[in-house]
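Fold and contact review
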Amino acid sequence: MAFYRSVGEVPPKRHTQHRRPDGGLYYEELMGEEGFSADSSLLYHREIPSAIVDAAPWQPPGLGTTPNHPLLPRHLKLHSLDFAEADVVTGRRLVLGNGDVRISYAVASTPSPLYRNAIGDECVYVESGDALVETVFGALTATAGDYVILPRATTHRWVPRGPEPLRAYVIEANSHIAPAKRYLSRYGQFLEHAPFCERDLHGPAVPLTATGTDVPVLVKHRGSTGVTGTRYVYPRHPFDVVGWDGCLYPYTFSVHDFEPITGRVHQPPPVHQVFEGAGFVICNFVPRKVDYHPLAIPVPYYHSNVDSDEVMFYCGGNYEARKGSGIGQGSISLHPGGHPHGPQPGAYERSIGVTEVDELAVMVDTFRPLELGEAATAAEDPAYPWSWAR
């Protein structure tokens, strides 16, 4: 994301001496994408960032999946899942996944360990609750409706705040996650037709430093058989960055800052897109005025996902098209490629004359088939596939 920021103390020229008050040198680290050929930032550490004193295997939780076979639409009730004293990192439960993306859910009441994902970027949607996300770049506040974008290999931890648990919908990529390319100029600036812009993105404002010795960090990374992990121990706390600058950093974006695009007749899902990764896109459906053609049918037409699986997470408002299906707050619907789907019986007719909708949902469309994680099996509503035939 080519949106430059500078935080804390940085020297006037990159790759030059940056000295401490006592005359010693800070250690410069380039954190960059695509082999020095894409976005990057320069971070200035008090300690050598490569120093570790121990390493041991760590197995990330719940990575196994099973095929969606026979091919069925699915309804998954995430609020029925059990989370006892969980955190956002080790307590997440895998719902759906393929070779490009993994979708998990967590209900957290305790701080997470320090963690980084060395496989791809993470996009975490905060369904409810409040958290401080502490990162090597600085801290972010995250509240209900926020997307938190964490670039690959960003060391961070989640600290829930407030009386209610933090409900987090976690989208883990095997690639980078960025705003849709069609919203950006060739140099990376948001264009006028984009439904959000740079003013809506909130990165760290000040450095975050911490002290400590023998500090563990969990790292999720690739292994010979797929996703695996390592537990490093650092001699000094990795939150030792006194300043950084560049175009690669974590940030938040509130779904409430998304400006919906509407039309005289029903608009296709790409108008609701927010982000994209390799092999998938992320969209959101927000409260909005709807179709104003005199003969418009405001709910979606029936459609077949010829090239994709569609995952809808219902996280607010009233989703009229799904009335009668059993879907409610905290539900996921999975409509796989090869199965036509659309409004529940009666919704088509009821929508005529409606002028606005009050709905909030996060959609992930994948271009390779999704398989079911253990949380999907635990949360499934077995009646859903037959709900259109009632």
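Computed from a prediction, not measured in an experiment: that's the story for all the values here. (Residues numbered from 1 in each chain as written. Predicted model: local features only at pLDDT ≥ 70, side-chain atom pairs only at ≥ 80, totals over all residues. Heavy atoms only, no water.)

Some remarks on the overall build of the chain
When you go through the chain residue by residue, the secondary structure sums to two helices and 31 strands. For 390 residues, the compact-globule estimate of 2.2 N^0.38 gives 21 Å, and the chain sits close to it at 22 Å. Buried residues in the chain amount to 53% of all 390 residues. Within the chain, contacts between residues at least 6 apart in sequence are counted, and of these 75% link residues at least 24 apart. (Helix = DSSP H or I, 4+ residues; strand = E, 2+ residues; numbered from the N terminus. Rg over C-alpha atoms; globule rule 2.2 N^0.38 Å. Buried < 20%, exposed > 50% of the residue type's maximum accessible area, 1.4 Å probe, protein only. Contact = heavy atoms within 4.5 Å.)

As for the environment of Phe-239
In this fold, Phe-239 is placed in the loop between β19 (226-236) and β20 (241-246). With 34 residues separating them along the chain, Phe-239 and Ala-205 place their C-alpha atoms 15 Å apart. Residues contacting Phe-239, with those up to four places away along its chain left out, are Leu-114, Glu-134, Thr-135, Val-136, Thr-155, His-156, Leu-208, Thr-209 and Ala-210.

Here's the deal with the sheet that holds strand β22 (residues 273-277)
Taken together, seven strands build an open sheet; the order of strands is β6-β27-β26-β30-β23-β22-β16 and the sheet is antiparallel. With partners counted over all chains shown, the strands left at the sheet margins are β6 (74-77) and β16 (178-179), one partner each. The sheet contact formed by strand β26 (residues 309-317) and strand β27 (residues 331-335) spans five bridges and is antiparallel. The partner of Met-312 across the bridge, within β27, is Ser-333. (Pairing = 2+ DSSP bridges.)

Brief notes about the UniProt feature "active site" (unreviewed entry) in the chain
Under the present numbering, the feature "active site" (unreviewed entry) in UniProt falls on His-266. Within the secondary structure layout, His-266 lies in the loop between β21 (251-254) and β22. Not counting residues up to four positions away in its chain, the partners in contact with His-266 are Asp-291, Ile-297, Pro-298, Val-299, Pro-300 and Tyr-301. (UniProt positions renumbered as here; feature names shortened; annotations may be inferred.)

Considerations on the pairing of strand β23 (residues 280-285)
With six of its six residues buried, β23 lies for the most part within the structure. Of the two faces of β23, the one holding Phe-280, Ile-282 and Asn-284 and the one holding Val-281, Cys-283 and Phe-285 are both buried throughout. Strand direction decides the pairing type here: β22 and β23, joined by four bridges, are antiparallel. Across the sheet, the residue bridging to Phe-275 is Ile-282, located in β23. Counting the residues that bridge the hairpin from β22 to β23 gives two residues, and of these Gly-279 lies at a positive phi of roughly 90°. Bridge count between β23 and strand β30 (residues 359-366): six bridges; the pairing is antiparallel. Note that in β30 the partner of Val-281 across the bridge is Asp-365.

Looking at the packing of aromatic side chains
This structure, assessed with the given rule, holds 19 aromatic pairs. With a centroid separation of 4.2 Å and 10° between ring planes, the pair formed by Tyr-169 and Phe-313 is classed as stacked. Here the residue Tyr-169 occupies a position in strand β15 (residues 166-173), and Phe-313 occupies one in strand β26, the gap between them amounting to 144 residues. Like Phe-313, Tyr-169 is buried. Both rings, one in Phe-196 and one in Phe-258, keep their centres 6.3 Å apart while their planes meet at 40°; by these two values the pair is tilted. Of this pair, Phe-196 sits in the loop between β16 and β17 (201-202) while Phe-258 sits in the loop between β21 and β22; the two residues are 62 residues apart in sequence, bridging distant segments of the chain. The two residues Phe-196 and Phe-258 agree in class, both being buried. (Phe/Tyr/Trp six-rings, centres within 6.5 Å; stacked < 30°, edge-to-face > 60°.)

Some thoughts on the sheet that holds strand β7 (residues 93-97)
The nine strands lie next to each other as β5-β31-β7-β8-β15-β10-β13-β21-β17, forming an open sheet whose pairing is antiparallel. Of all strands in the sheet, those bounded by a partner on one side alone are β5 (65-66) and β17.

Some words on the pattern of salt bridges
Evaluation of the coordinates by the stated rule reveals twelve salt bridges. Residue Glu-359 pairs with Arg-288 through a salt bridge whose shortest N-O separation is 2.9 Å. Taken together, the residues span a long stretch of sequence, with Glu-359 in strand β30 and Arg-288 in strand β24 (residues 288-289) at a distance of 71 residues. Among the ionic contacts, a cluster of salt bridges with common partners joins Arg-92, Arg-102, Glu-122, Glu-172 and Lys-220. (Salt bridge = Lys/Arg side-chain N within 4 Å of Asp/Glu carboxyl O.)

Focus on the side chain of His-45
Here His-45 is to be found in strand β3 (residues 40-45). Given the relative accessible area of 4%, His-45 is considered buried. Here His-45 is in contact with Tyr-26, Tyr-27, Glu-29, Val-136, Pro-238, Asp-240 and Val-241, once residues within four sequence places are set aside.

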